[in-house]
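This is what each chain is made of:
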Amino acid sequence: MQLNGGVMPDAPPARVVWTDPNCPVARTADLVGDRWSLLVIRDAMDGARTFTDFVQRTGIARNILTDRLRKLTAHGLLTQVDAPSGTRKLYQLTDAGKDFFAVIVALRQWGERHAFADGEDRSVLLGADDTRVPQLVPRATDGTVLTSENTHVRRTA
């Protein structure tokens, strides 16, 4: 399924079987919900461009990486471009891949709060000014903090 300019095609290819066809969370999980896909996207955001870059950064098995790169390319999060040398292909994020940044930040921030013991070493995400990125907090148009207690899902027709 290719994304062109951020727009989904009218219908997904027949090979895509959605876990829950009407749920954006389920569809996203179907596309990028395994750990290797998330780590490949994370590393692409951190500057990985070559197959070797991804293997070295993640420790992923080559056959699994091949599968994930194909999947992420087919689903429009990554694209292949010619290297300046012209001898190989490089991977780069598409606009859809770049839009995934907030998801990666949210996962990182959840992990910082819940996946480490107090005082345990961890990496931190810094902005251009070298300060920690503030917590992502969804807010309503009036500034109210949104949570699972004050939001609901409505299916559209």
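Engineer: Got a minute to help me understand the overall build of the protein chain in this structure?
Structural biologist: Counting secondary structure elements, the protein chain contains six helices and two strands. Along the protein chain, helices (α) and strands (β) appear in the sequence α-α-α-α-β-β-α-α when read from the amino end. Taking the principal axes of its C-alpha atoms as reference, the protein chain extends roughly 50 × 50 × 25 Å. The buried share among the 157 residues of the protein chain stands at 25%. Across the protein chain, contacts joining residues at least 24 apart in sequence account for 39% of those joining residues at least 6 apart. Within the structure as shown, the protein chain displays about 10,900 Å² of accessible surface, and the carbon and sulfur contribution to it stands at 53%. Taking the average location of the 20 positive side-chain charges in the protein chain and that of its 19 negative ones, the two points are 5 Å from each other.

Engineer: What is the right way to read the layout of surface pockets from this model?
Structural biologist: The rolling of a water-molecule-sized probe over the atoms marks out the regions of remaining empty space. The calculated volume of the largest pocket comes to roughly 490 Å³. Around the largest pocket sit 19 residues that line it, and Leu-39, Arg-42, Ile-104, Leu-107 and Arg-108 are the ones nearest its centre. When residues of the lining of the largest pocket are traced back to their parent elements, those giving at least two are helix H2 (35-45) and helix H6 (101-114). In terms of residue count, the dominant contributor to the lining of the largest pocket is H6 (seven residues). Among the residues making up the lining of the largest pocket, the classes are represented as eleven nonpolar, two polar and six charged.

Engineer: In this structure, what is going on with the packing of H2 against H6? I would like to understand it.
Structural biologist: Taken N-terminus to C-terminus, the directions of H2 and H6 make an angle of 110°; their axes are 11 Å apart at the nearest point. Between H2 and H6, the angle falls in the class roughly perpendicular. Of the residues in H6, those touching H2 at Leu-38, Ile-41, Arg-42 and Met-45 are Phe-101, Ile-104 and Leu-107. Residue composition of the contact of H2 with H6, by class: six nonpolar, no polar and one charged.

Engineer: Looking at this structure, I do not really get the pairing of strand E1 (residues 78-82). What am I missing?
Structural biologist: It is a general feature of regular strands that their side chains alternate between the two faces of the sheet. Here five bridges tie E1 to strand E2 (residues 89-93), and the two strands are oriented antiparallel to one another. What sits directly across from Thr-79, in E2, is Gln-92. Here E1 folds back onto E2 in antiparallel fashion, the turn holding six residues, of which Gly-86 has a positive phi close to 80°.

Engineer: Even after reading the chapter, I still don't get empty space enclosed by the protein, so can you show me in this structure?
Structural biologist: Counted by the stated rule, this structure contains one cavity of 30 Å³ or more. As for the largest cavity, its lining consists of Val-105, Arg-108, Gln-109, Glu-112, Leu-125, Arg-132 and Val-133. Of the residues contributing to the lining of the largest cavity, the split by class is three nonpolar, one polar and three charged.

Engineer: Sorry if this is basic, but what is going on with the environment of Trp-110 here?
Structural biologist: By the element assignment, Trp-110 lies in helix H6. A relative accessible area of 48% means that Trp-110 is categorised as partly exposed. Put simply, Trp-110 and Asn-150 are 40 residues apart on the chain and 20 Å apart in space, counted from C-alpha to C-alpha.

Conventions used here
Residues numbered from 1 in each chain as written. Predicted model: local features only at pLDDT ≥ 70, side-chain atom pairs only at ≥ 80, totals over all residues. Heavy atoms only, no water. Helix = DSSP H or I, 4+ residues; strand = E, 2+ residues; numbered from the N terminus. Buried < 20%, exposed > 50% of the residue type's maximum accessible area, 1.4 Å probe, protein only. Contact = heavy atoms within 4.5 Å. Areas by Shrake-Rupley, 256 points an atom, 1.4 Å probe, with all protein chains shown as cover. Lys, Arg positive; Asp, Glu negative; His and termini not counted. Charge placed at Lys NZ, Arg CZ, Asp CG, Glu CD. 1 Å grid on protein atoms, 1.4 Å probe; cavity = no way out; pocket = protein on both sides within 12 Å on 5 of 7 lines; lining within 4 Å. Points joined across faces, edges and corners; volume = space filled by probe spheres on them. Nonpolar A, V, L, I, M, F, W, Y, C, P; charged D, E, K, R; others polar. Axes fitted to C-alpha atoms, helices over the stretch in contact; angles between N-to-C directions. Parallel < 35°, antiparallel > 145°, perpendicular 65-115°, else oblique. Pairing = 2+ DSSP bridges.

By themselves, these are just geometric observations and shouldn't be taken as functional.
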